[in-house]
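The chain contents come next:
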Amino acid sequence: MKSKDIRKQFLQFFETKGHLIVPSAPIVLKDDPTLMFNNSGMAQFKEYFLGNGIPKSKRISDTQKCLRVSGKHNDLEDVGFDTYHHTMFEMLGNWSFGDYFKKEAINWAWELLTEVYKIPKENLYVSVFEGSPEENVPFDQEAWDIWKELIDEDRIILGNKKDNFWEMGDQGPCGPCSEIHVDLRTAEEKALVSGKSLVNNDHPQVVEIWNNVFMEFNRKADGSLEKLPAQHVDTGMGFERLCMALQNKTSNYDTDVFTPLIEKVEQITGLRYTPNEINNISEEQNKTNIAIRVVVDHVRAVAFAIADGQLPSNTGAGYVIRRILRRAIRYGFTFLDTKEPFINKLVEVLANQMGEFFPEIKAQQQLVTNVIREEEASFLRTLEQGLQLLDKVISESNGKIIQGEKAFELYDTFGFPIDLTALILREKGFELDEAGFTAAMQEQKNRSRAASEVSTEDWSVLIPGNVETFVGYDQTENEVKITRIRKVDSKKDGVLYQIVLDNTPFYPEGGGQVGDKGTLVSANETIEIIDTKKENNLILHFAKQLPENVSTSFEAKVNTDLRTSTSKNHSATHLMHQALRSILGTHVEQKGSLVNCDRLRFDFSHFAKVTDEEIKQVEDFVNARIVEQLPLIERRSIPIQQALDEGAMALFGEKYGDSVRAIKFGESMELCGGIHVKNTAEIWHFKIVSEGAVAAGIRRIEAITGAAVKNFYTNQENILAEIVTTLKNPQDTIKALVSLQEDNAKLKKQLEQLLKEKIDGLKNVLSADFQEINGINFLAKQVDLNMSATKELSQAIGSSQPNSFVVLASIEDNTPNIHCYIAKELVAAKSLNANAVIKELGKYIEGNGGGQPFFASGKGKNVAGIQEALSKAVDFVK
């Protein structure tokens, strides 16, 4: 059975059981501050388990793109070395929100696996929670009793808290779970060792494929458990592992989920991948297999993340994506001998393979290919630089053991992989101080962990039920009551309080727009709201202190100055998006944005630099819409398909509900939940202040509106006035500037000529100062030149004499510099090395430098040390 048919059959089965089939949420989470990526099937449904939202159906099923490469769920370093861990994987799941429970979940799981997929019952084992007396959670007798009606009791395993009690996090909904494991070994292997003893023991052919979680508890901040108001079911089945079982393979990578990608890698590299059933392969072939598994796994994770809107970068989620891709590149570089970008060529295969069910990968194929290609080229250059830096570290080492701190600096600062460092060192006869590297790495992790450490107390609920609403589209002031509060303590921000209001006018950060600020005012006090965010469908207002009386009524007041400026920038972003598509082409798509009160930032897909003429056209287009005084046409809660049919733009990587909000200014129409001006005239004026590249095929524009534009032009006028004053108030300022540039160019040429003559003169004078020492023409002098001219002079005078050894020093901007020229015949005959000379003499001027054996330069801090350095130079030729 092909993988696409396995997926379809799963969804069709649960559709017959009354489940609503929903699409996968984006792999990148943009509006959940607690997670970078969707790491499980239930992540997009968290608000329903927490009781903060109402699902479209009490029964839902889907396949969810998941990424596990950070935090608690981190499989990255296992990927490639075994046959069943992945970074990106599909999680097939079915959910019940307060509807069915254990009986239905277990029976349907068994029916699907044994009757629909026809997995032999004798290949399956199940586990149930053994109980936890210390937490007063009993043995799951109900699950045991259900299972024993379906499977022999000797195939039911008792699982401990680690394996059979699932938790969303340190706090939140949780409960016992019942796992299903499949034994894919041969009959001979099964006869020798029972599969029961191999469950949850990391055996590559005895693996968990499905987990049924029965959510009935809430984990509180103090670690205690309380019963949830309703019981829920959360299941997850690993799609790749299921395909392995149904396609009679012993490795996920031997299924048609991965074989098309593997075949492409084989075609590119000329190497061959060995299927898992082939035994006794060589160590070299095993390394090739691991590298190919790493590449084909990682390209899936990176490609889907980029398609969902997350570009590789140096921070946050972007750093994780870059790290995954770089791991694939270095495995290809080291073990597949790929010295040119090649991973990008796999994107077409992936898009053809998965585009039917995940259309985003097909739609974004060209962008994904471009970004990966550029990242590959960049990191391959980094690897080349790293090899040179590693050579430098080796040359400066006194022994055969390279300090771990030096290796960590290469890893941390330059991104040079530690395993590649160790491999190269071994090849060159050196050894890595692994303990030192590990210590340096751990120290950095401790610093990072301490900086991001957060403790969150339980909610104190003042008004029960889902009574929170947002009224900020219509009001900026409103009478409110506090419904719940909690304390959050972090190393970064200190102690803050999160406050939830019954009907708030504060807009929570989302869709690129920052959250509102403002105040809560009662009869006796004013509480400042410093930020507003959304988490699990709750709008959280952040404050540094709580009101003395949290039960009283308050007047919630949004800072309208900040909001007004922000709304101008947000509406201008929509108009600019329309302008870019009109002027550059309809290939332009938004790839990220930031809208605050100061400016707007807009990332978009485009293949070339936006020219000055095109920037002017975009500005003119937006300003024309401002002059037209286009009114805001806002439509709330319209069906998404209707909005799309009417021409509204939806963004890839965004999660939309069945009902959406559409914002229209003239011909510009987008799905958007943000705050906007009532009329484009309020924007006043639009000005682009910068344009540049973010990644391959991605450009970034920053722009300003309103008062910021006034300030921009006022500043430009002030600069112009200063220039006019400096030029002595000429009648024609431009003509005066051109004349000044021409005069400067003439003077520069004259100075260059004078300097050349001075160098020639010094060359003739200094030629008489050479001393013959041991057959070497030696010269060490200080000259009155800048660093560049001193370097030129040392090379010129050195090449004018046979067997020359020249050291010249000078001072520029109170900084000493020193240069050494050694004739190439001396380098060969007497093993002299200019690089070593500069490193030694550099000590006297408190500096360093380097170069080649026949010429090297350096500079330092101690001018007074020049003479001593010159006097010591003769020691090299005696």
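None of the values given here were measured: they were computed from a predicted structure.

Reading the values: rules and limits
- Residues numbered from 1 in each chain as written.
- Predicted model: local features only at pLDDT ≥ 70, side-chain atom pairs only at ≥ 80, totals over all residues.
- Heavy atoms only, no water.
- Helix = DSSP H or I, 4+ residues; strand = E, 2+ residues; numbered from the N terminus.
- Buried < 20%, exposed > 50% of the residue type's maximum accessible area, 1.4 Å probe, protein only.
- Lys, Arg positive; Asp, Glu negative; His and termini not counted.
- Charge placed at Lys NZ, Arg CZ, Asp CG, Glu CD.
- Core = buried A, V, L, I, M, F, W, Y, C linked by side-chain atoms within 4.5 Å.
- Contact = heavy atoms within 4.5 Å.
- Pairing = 2+ DSSP bridges.
- Axes fitted to C-alpha atoms, helices over the stretch in contact; angles between N-to-C directions.
- Expected span 1.5 Å × (residues − 1).
- pLDDT = per-residue confidence, 0-100.
- Salt bridge = Lys/Arg side-chain N within 4 Å of Asp/Glu carboxyl O.
- Phe/Tyr/Trp six-rings, centres within 6.5 Å; stacked < 30°, edge-to-face > 60°.
- Polar contact = N/O pair within 3.5 Å; in protein donor to acceptor, adjacent residues only side chain to side chain.
- Patch = residues over 30% accessible without salt bridge, like charges linked within 9 Å, V, L, I, M, F, W, Y side chains within 5 Å.
- Areas by Shrake-Rupley, 256 points an atom, 1.4 Å probe, with all protein chains shown as cover.

**Notes on the overall build of the protein chain**
Secondary structure assignment for the protein chain yields 25 helices and 38 strands. Structurally, the protein chain occupies a C-alpha span of about 105 × 80 × 55 Å along its principal axes. When each of the 878 residues of the protein chain is scored for burial, the buried share is 49%. Taking the average place of the 100 positive charges on the side chains of the protein chain and the average place of its 126 negative ones, the gap between the two points comes to 3 Å.

**A look at the nonpolar core**
Most often, soluble globular proteins have nonpolar side chains that are buried together. Counting 117 residues, the largest nonpolar core has Ile119, Trp210 and Ile343 as its most contacted members. In terms of residue count, helix α9 (residues 283-307) provides more of this core than any other element does, 14 residues in total. What Trp210 contacts, discounting residues up to four positions off in sequence, is Phe10, Phe14, Asn94, Ala109, Leu112, Leu113, Ser178, Glu179, Ile180, Thr235, Gly236 and Met237.

**Details of the sheet that holds strand β29 (residues 659-665)**
Strand order in the open sheet formed by three strands is β28-β29-β30, with antiparallel pairing between adjacent strands. Lying at the two open borders of the sheet, with one neighbouring strand each, are β28 (633-639) and β30 (668-671). Strand after strand, the sheet turns through a mean of 20° between neighbouring axes, direction not considered. When β28 meets β29, the two strands line up antiparallel, connected through five bridges.

**Some details on helix α18 (residues 612-627)**
Counted at 1.5 Å a residue, the expected span for α18 with its 16 residues is 22 Å, and the 22 Å between its end C-alpha atoms agrees. Listed as buried for α18 are Ile615, Val618, Glu619, Phe621, Val622, Asn623, Arg625 and Ile626. As for α18, its buried residues are in contact with α17 (560-583) and β31 (686-695). Positive phi shows up at Gln629, right after α18, with a value of about 55°.

**Focus: the sheet that holds strand β32 (residues 698-705)**
Spatial ordering of the open sheet is given by β26-β27-β32-β31, a layout of four strands whose pairing is antiparallel. Because the sheet does not close on itself, it has two edges, and the strands there are β26 (590-595) and β31. Put simply, the sheet's adjacent strands are angled 15° from each other on average, direction ignored. Relative to strand β27 (residues 600-605), β26 runs antiparallel, the two sharing five bridges. By the bridge assignment for β27, Val595 is matched with Leu600. Across the sheet, α17 is in contact with β26, β27, β31 and β32; its angle to β27 comes to roughly 25°.

**Thoughts on the confidence of the model for the protein chain**
Close inspection of predicted coordinates is inappropriate in any region flagged by low pLDDT. For the protein chain, per-residue confidence averages 92 on the pLDDT scale, and 99% of positions sit at 70 or higher. Taken element by element, the protein chain is modelled with least confidence in strand β4 (residues 73-74), mean pLDDT 52, and with most confidence in α18, mean pLDDT 98.

**Concerning the pairing of β32**
The side chains of a regular strand alternate between both faces of the sheet. The element β32 is extensively covered by neighbouring structure, given that six of its eight residues are classed as buried. Here β27 runs beside β32; their pairing, made up of six bridges, is antiparallel. By the bridge assignment, Phe604 is partnered in β32 with Arg699. Looking at chain direction, β31 and β32 are connected through eight bridges and run antiparallel. Along β32, the bridge assignment pairs Ala693 with Arg699. Adjacent in sequence and paired antiparallel, β31 and β32 are bridged by two residues, among which Gly697 carries a positive phi angle near 80°.

**With respect to the pattern of salt bridges**
Under the defined criterion, the tally for this structure stands at 45 salt bridges. Of the charged contacts, one joins Glu216 and Lys227 as a salt bridge, the two residues approaching to 2.7 Å between their closest N and O atoms. Here Glu216 is found in strand β10 (residues 206-219), whereas its partner Lys227 is found in strand β11 (residues 225-238), with 11 residues between them in sequence. Salt bridges linked by common partners bring Lys102, Asp140, Glu142, Glu216 and Lys227 together as one network.

**Digging into the packing of aromatic side chains**
The full count for this structure, using the stated rule, is 28 aromatic pairs. A centroid spacing of 5.3 Å and a plane angle of 80° characterise the contact between Phe712 and Tyr713, whose relative ring orientation is edge-to-face. Using a relative accessible area of 24% as the deciding quantity, one classes Phe712 as partly exposed. In textbook terms, an aromatic cluster arises when at least three aromatic residues are bridged by ring pairs, as seen for Phe45, Tyr48, Phe49, Trp95 and Phe97.

**Topic: the pairing of strand β34 (residues 776-782)**
For strand β33 (residues 771-773) and β34, the ladder comprises three bridges, and the chain directions are antiparallel. Considered in β34, the bridge of Glu772 is made with Asn777. In this structure, the hairpin formed by β33 and β34 is closed by a connection of two residues, where Asn774 is found at a positive phi of approximately 50°. Note: β34 against strand β35 (residues 804-812), six bridges, orientation parallel. Counterpart to Phe778 in the pairing with β35 is Phe805.

**Observations concerning unusual backbone geometry**
Its identity as a non-glycine residue notwithstanding, Asn536 has a phi of 50°, on the positive side. With phi around 55°, Ser637 is a residue other than glycine that occupies positive phi space. Of note, Ser637 is situated in strand β28.

**Brief notes about the side chain of Glu691**
You can see Glu691 is positioned in strand β31. Using a relative accessible area of 14% as the deciding quantity, one classes Glu691 as buried. Engagement of the side chain of Glu691 in a polar contact is seen with the side chain of Lys609, the distance being 3.2 Å. For Glu691, the side chain forms a polar contact with the main-chain nitrogen of Val610, separated by 3.3 Å. When neighbours within four sequence positions are excluded, Glu691 is seen to be in contact with Lys609, Val610, Ile615, Arg699, Arg700 and Ile701.

**Description of a nonpolar patch on the surface**
Together, Ile719, Leu720, Ile723, Ile734, Leu737, Val738 and Leu740 make up a nonpolar patch on the protein surface, roughly 580 Å² of accessible area in all. The set of elements that each furnish at least two residues to the nonpolar patch consists of α20 (706-726) and α21 (733-767). A total of four residues in the nonpolar patch trace back to one element, the largest contributor, which is α21. Counting through the fold element by element, Leu737 comes out in helix α21.

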